[in-house]
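Listed below, chain by chain, are the residues.
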Amino acid sequence: MCKEMSEETYRSVYSYGARLGLRMGAWLCVMSACLLLSVKLPALILITVPMLLLIPFFLYRMMRGVWDVEPLHRTVSAQWLLGILIFAGGSLICALFTGVEMLTLQPHFFEEYMRHILTTLQAAGMASAYGEQMDILRRMLEHHIYPTPMQFAISMLWTTTFFGSLLSLFLAIVLRQRAMRESARITGF
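Residues numbered from 1 in each chain as written. Predicted model: local features only at pLDDT ≥ 70, side-chain atom pairs only at ≥ 80, totals over all residues. Heavy atoms only, no water.

Glancing now at the overall build of the protein. Looking only at helices and strands, the protein features 6 helices and 0 strands. Counting helices and strands in the order they occur from the N terminus, the protein gives α-α-α-α-α-α. Since a compact globule built from 189 residues should have a radius of gyration of about 16 Å, the 22 Å found for the protein marks it as more spread out than a globular shape. The principal-axis extent of the C-alpha atoms belonging to the protein is close to 70 × 35 × 25 Å. Taken across its 189 residues, the protein has 35% of its residues classed as buried. In the protein, once contacts between residues fewer than 6 apart in sequence are set aside, the share between residues at least 24 apart is 78%. Surface exposure of the protein reaches about 11,600 Å², of which carbon and sulfur atoms provide 69%. Counting 15 positive and 12 negative side-chain charges, the protein places the centres of these two groups 9 Å from one another. (Helix = DSSP H or I, 4+ residues; strand = E, 2+ residues; numbered from the N terminus. Rg over C-alpha atoms; globule rule 2.2 N^0.38 Å. Buried < 20%, exposed > 50% of the residue type's maximum accessible area, 1.4 Å probe, protein only. Contact = heavy atoms within 4.5 Å. Areas by Shrake-Rupley, 256 points an atom, 1.4 Å probe, with all protein chains shown as cover. Lys, Arg positive; Asp, Glu negative; His and termini not counted. Charge placed at Lys NZ, Arg CZ, Asp CG, Glu CD.)

Following this line, the structure appears as structure tokens:
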């Protein structure tokens, strides 16, 4: 630890990750709620897609904030770990929220969603073009071959954390490159 930093001003990457993971968790919970409710209110998908596309910018802003205030975390590895922690915490919060929401409010979400797809394809006159896929969906409905709410929540947890880790690595490299360009601009090297 640097001499000019006291024990009170230094925060570990884990502390930042936990605090920022709460923000990411709230963001992901809103996305999840909009996605799950989009079967009943289709317009909610118009909120989900932009929120999904804004995740890299949201994460970059959080990582950049730590980069700017914490000199000891200005490495690719520290920033990558920070991003992983943000996504792990956020994904855990979202998986818990999604699991509880699906178990209590929408226990038949997948069944309703699959029926909605079938109805939409038939109403749009696309039944002949997607006949084989519609037969598969009907058989899945007949035999109850779709994930349980907890299977979905756990799969979502791992998938979100994994892709968040990849995004975090990319953004950590971007932050480092940006810092190197700024340093070269200032020093002339």
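Structure's up, so let's keep going.
Phi is positive for histidine 144, close to 55°, though the residue is something other than glycine. Checked against the element boundaries, histidine 144 lands in the loop between α5 (131–143) and α6 (149–187).

Okay, the nonpolar core next. Among the nonpolar cores identified, the biggest contains 27 residues, and Met24, Ile55, Leu59, Met63, Leu82 and Ile86 are the most heavily contacted of them. For this core, the secondary-structure elements that each account for two or more residues are α1 (13–37), α2 (45–69), α3 (76–104) and α6. Per-element tally for this core: the top contributor is α6, with 8 residues. Here leucine 59 is in contact with Met24, Gly83, Ile86, Phe87, Leu167, Ser168 and Leu171, once residues within four sequence places are set aside. Core analysis: the second largest hydrophobic core is formed by 6 residues, Leu118, Leu121, Leu137 and Leu141 among them. (Core = buried A, V, L, I, M, F, W, Y, C linked by side-chain atoms within 4.5 Å.)

The subject of this paragraph is the pattern of salt bridges. When charged atoms on two side chains of opposite charge get close, those side chains can pair. Following the criterion strictly, the structure yields 4 salt bridges and no others. Put simply, arginine 115 and glutamate 111 hold a salt bridge, and the shortest N to O gap is 3.0 Å. With arginine 115 and glutamate 111 both in helix α4 (residues 109–123), this residue pair falls 4 residues apart, about one helical turn. Two residues, arginine 178 and glutamate 182, come together in a salt bridge whose shortest N-O distance is 3.2 Å. Remark: glutamate 182 and arginine 178 occur in helix α6; sequence separation between them is 4 residues, near one turn of the helix. (Salt bridge = Lys/Arg side-chain N within 4 Å of Asp/Glu carboxyl O.)

What follows covers a nonpolar patch on the surface. A surface patch of nonpolar side chains, about 450 Å² in accessible area, is lined by Leu35, Ile45, Leu46, Val49 and Leu53. Looking at which element gives the most residues to the nonpolar patch, the answer is α2, with 4 residues. Of note, leucine 46 is situated in helix α2. Assessed through its relative accessible area of 63%, leucine 46 is described here as exposed. (Patch = residues over 30% accessible without salt bridge, like charges linked within 9 Å, V, L, I, M, F, W, Y side chains within 5 Å.)

Let us look at the side chain of threonine 48. Structurally, threonine 48 is set in helix α2. With near-sequence residues (within four places) excluded, threonine 48 lies in contact with Met31, Cys34 and Leu35.

Geometric descriptors of this kind do not, in isolation, establish any biological role.
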